[in-house]
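# Understanding the architecture of this molecule
Residues per chain are reported as follows:
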Amino acid sequence: MSDQGFTTRLVHADHRAQLEHGAIHQPIHPSTEYAYSDARELAAVFQGKAGYTYARQGTPTTASLEAKITDMEHAQATVTFATGMAALNATFFALLRQGDHLITSKYIFGNTNSLLMTLENFGVELSLVDATDAAQVEAAIRPNTRMVFVETIANPGTQVADLKAIGALCRSRKLVYVVDATLSSPYLAPGRDFGASLVINSLSKHIGGHGNALGGAVTQTGLYDWTDFPHIYEQYRKGDPHTWGLLQIKKKGLRDMGGTLSSDVAHRIAAGAETLALRMDRICANALALARFLETHPKVSKVRYPGLASHPQHAQAAQWFGGRFGGLLGVELHEQVDVFECLNRLRIVALATHLGDNRTLVLPAAHTIYYEMGPERRALMGIPDGFLRISVGIEDEADLIGDFAQALDAARV
């Protein structure tokens, strides 16, 4: 199957596994516990043999979804979680300890920013840098640095990290490189392309795509040798060293913390993922058309979108993401425009918080998802009061542009 295309592999994965009764979808397994006729076999599963014991650690349904994500990422293995934030929490808390140093992009999702502040309270040292420049990451490295974390395309400012250079840097310094690929998705580029050790995906976004399921995933690319990482527990140092990190995340992050993805939600996400490529092609085309329109509108002062030639990382994004640039726009209205009045005039676009949905969604970022962090931190991230975060969907292009046109034209200044 490796010679087949992205969507072909994805939509035929289940029925090629020869499921019971010729099913073309992995069934939903609601069972909490899994019984064995031989106590020795039960013990063997607890001791590391492939199998199922208790649904908090996974089911055949979640395992099927994990296999699909691993294939999309051209990777080694995946563990799924109830949300993307659960996946991030599990990764950081399973691998980092008091006194460790974490380097992260200063351009990151608001809830991730909040999580990192919590990590600081637990004694993890934190450096926020401009990750669009790998030299700034290198300058921040200390003797106790253990990990570097970036987003492929930053939420909400759309900054594109210096992904490949940071990957090479982490490889040379033997640092764990964690890449949140939610806004690019594995369809635009698998995290392995950038040298990532671990790839985070919020399955609630593009992969699920329909705004009806929450989920998250951590994928191990197999590029990192965990013998170089000092915090792997002795009981997980077995077998291939490239697998140790994800095993510890599954045990200490999933089993112990309990952020489990349910089988019925996993089934929904897997079904949604089948159309990922189709949806992303439409989303990317719509986003580029809308960005070009908004960039010329007199009531818009700036549009941040990697597909525009004006974007600082346009050339890198074009190369890395195959000429597609995702569905997130950061739009700054002129100071004289009342952001709330403008948004209230929209007739099609939904005023809601979410990303990677079939529907186009917009919100005033400074007044909503980034309100809690305060004006100083917002200024650091480049989020003024008139900043709109737009997640572009699959509507007809003319309707989408027309809706923003009438709302902006009618907005008072």
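Residues numbered from 1 in each chain as written. Predicted model: local features only at pLDDT ≥ 70, side-chain atom pairs only at ≥ 80, totals over all residues. Heavy atoms only, no water.

## Some details on the overall build of the chain
Tallying secondary structure elements over the chain gives 16 helices and twelve strands in all. A globule of 413 residues ought to have a C-alpha radius of gyration of about 22 Å, and the chain, at 22 Å, matches this closely. Going through the 413 residues of the chain one by one, you find that 56% of them count as buried. Across the chain, the fraction of contacts at a sequence separation of at least 24, relative to all contacts at a separation of at least 6, is 70%. Split by element, the accessible area of the chain, about 17,100 Å² in all, is 51% carbon and sulfur. Of note, the chain has its 37 positive side-chain charges centred 3 Å away from the centre of its 42 negative side-chain charges. (Helix = DSSP H or I, 4+ residues; strand = E, 2+ residues; numbered from the N terminus. Rg over C-alpha atoms; globule rule 2.2 N^0.38 Å. Buried < 20%, exposed > 50% of the residue type's maximum accessible area, 1.4 Å probe, protein only. Contact = heavy atoms within 4.5 Å. Areas by Shrake-Rupley, 256 points an atom, 1.4 Å probe, with all protein chains shown as cover. Lys, Arg positive; Asp, Glu negative; His and termini not counted. Charge placed at Lys NZ, Arg CZ, Asp CG, Glu CD.)

## Here's the deal with unusual backbone geometry
Between Asn155 and Pro156 the backbone carries a cis peptide bond, its omega angle lying at 15°. Mapped onto the secondary structure, Pro156 falls in the loop between strand S4 (145-151) and helix H8 (163-173). Located in the positive-phi region is His21, a residue other than glycine, with phi close to 65°. Structurally, His21 can be placed in the loop between helix H2 (13-16) and helix H3 (39-46). One non-glycine residue, Lys174, lies in positive phi territory at about 60°. If you trace the backbone, Lys174 turns up in the loop between H8 and strand S5 (176-180).

## Observations concerning the UniProt feature "modified residue: N6-(pyridoxal phosphate)lysine" (unreviewed entry) in the chain
Annotation from UniProt places "modified residue: N6-(pyridoxal phosphate)lysine" (unreviewed entry) at Lys205. Here Lys205 is to be found in the loop between strand S6 (198-202) and strand S7 (216-220). Each residue touching Lys205, except ones within four places of it in the same chain, is listed here: Thr182, His354, Leu355 and Gly356. (UniProt positions renumbered as here; feature names shortened; annotations may be inferred.)

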